[in-house]
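For reference, the chains in residue letters:
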Amino acid sequence: MEQPAMINRMATPNLVLASQSPRRRELLSLLAIPFTTLAVDTDETFDSRKTIEENVREIAMQKAEAAGTDYKGPEPAVIIGADTVVVQAESVLGKPSTYDEAFRMLQNLQNATHKVHTGFAVVSDSHRHCECVTTSVTFEPMDDREIERYLEKMKPYDKAGSYGIQDPIMACYVRRIDGCYYNVVGLPVSRLCHAMKTFIPGL
């Protein structure tokens with residue numbers, strides 16, 4: 001009766017999420033593997049010489065590597081870093097700093113299709129994996145009053161593009177999603193799980 005438990009422990013190293021985002025914590029918990037979180041402070045400035053996909057991959061890797069440097073656990077760890085951006089007409093929409101900026105972002109997204117790119121990196125002592133997953137999202141039109149109501153109720157100032165697709169209200173205006181829904185929330189769960197099979201045998 002002891003052998004299966006031993007195999008399970010061997011197959012589940014310490015898993016660390018290099019983020020304090022409550023959304024990413026919820027998504028990673030869908031893998032049903034215990035994990036801890038570690039806050040990191042990295043430069044998320046884009047390099048204009050590189051593509052958006054290259055930038056989010058590199059930022060995700062930088063987060064994972066920074067967490068690896070700060071990690072003080074007794075056992076080796078598998079560390080996950082991620083970065084999500086919203087892109088509309090080749091313009092990167094980050095987190096809004098003011099109400100007016102958030103309002104303008106949401107106006108620009110209405111009745112149009114935009115892309116959400118999430119770069120994620122998985123790092124251990126012996127392996128490294130990094131990729132970018134893209135999802136297209138099409139919104140129904142929101143008039144100014146509806147945008148104001150959403151901003152006042154949900155206050156999405158910590159979200160790229162000034163919205164959370166999982167928010168109550170915002171669900172009323174999503175016409176179409178092409179790709180992974182969880183990617184828009186902040187972590188492409190299926191692709192992450194596939195990549196982690198190299199790091200965690202038996203996953």
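Structural notes, computed from the coordinates. Worth saying up front: this structure is predicted, and the values here are computed from it rather than measured.

Overview of the packing of aromatic side chains
- Scanning the model with the defined rule gives three aromatic pairs in all.
- When the ring of Phe139 is compared with that of Tyr163, the centres are 4.9 Å apart and the planes differ by 75 degrees; the resulting orientation is edge-to-face. Taken together, the residues span a long stretch of sequence, with Phe139 in strand E6 (residues 128–139) and Tyr163 in the loop between helix H5 (144–154) and strand E7 (174–178) at a distance of 24 residues.
- According to the relative accessible area criterion, Phe139 is buried, its value standing at 0%.
- Summarising the aromatic geometry, the rings of Tyr181 and Tyr182 are spaced 5.5 Å apart at their centres and angled 70 degrees between planes, so their arrangement reads as edge-to-face.
- A relative accessible area of 33% places Tyr181 in the partly exposed class.

Side note on a positive patch on the surface
- Together, Arg145, Arg149, Lys153 and Lys155 give the surface a local cluster of positive charge.
- Here Arg149 shows up in helix H5.

Observations concerning the pairing of E6
- Pairing of strand E5 (residues 113–123) with E6 involves eleven bridges; the strand directions are antiparallel. Counted as the bridge partner of Thr113 is Thr138 from E6.

Overview of a nonpolar patch on the surface
- The grouping of Leu30, Ile177, Tyr181 and Tyr182 at the surface amounts to a nonpolar patch, some 340 Å² of accessible area in total.
- Mapped onto the elements of the fold, Ile177 is located in strand E7.
- Residue Ile177 is classed as partly exposed on the basis of its relative accessible area, which comes to 31%.

Brief notes about the state of the cysteines
- In the structure shown here, the tally under the stated rule is zero disulfides.
- Unpaired in terms of disulfides, Cys132 finds its nearest cysteine sulfur in Cys130, a separation of 8.7 Å.
- The exposure class assigned to Cys132 is buried, which follows from its relative accessible area of 19%.
- Counting only cysteine sulfurs, Cys193 is the nearest neighbor of Cys180, a cysteine outside any disulfide, at a range of 12 Å.
- For Cys180, a relative accessible area of 18% corresponds to the buried category.

Conventions and cut-offs
- Residues numbered from 1 in each chain as written.
- Predicted model: local features only at pLDDT ≥ 70, side-chain atom pairs only at ≥ 80, totals over all residues.
- Heavy atoms only, no water.
- Phe/Tyr/Trp six-rings, centres within 6.5 Å; stacked < 30°, edge-to-face > 60°.
- Helix = DSSP H or I, 4+ residues; strand = E, 2+ residues; numbered from the N terminus.
- Buried < 20%, exposed > 50% of the residue type's maximum accessible area, 1.4 Å probe, protein only.
- Patch = residues over 30% accessible without salt bridge, like charges linked within 9 Å, V, L, I, M, F, W, Y side chains within 5 Å.
- Areas by Shrake-Rupley, 256 points an atom, 1.4 Å probe, with all protein chains shown as cover.
- Salt bridge = Lys/Arg side-chain N within 4 Å of Asp/Glu carboxyl O.
- Lys, Arg positive; Asp, Glu negative; His and termini not counted.
- Charge placed at Lys NZ, Arg CZ, Asp CG, Glu CD.
- Pairing = 2+ DSSP bridges.
- Disulfide = S-S within 2.5 Å.

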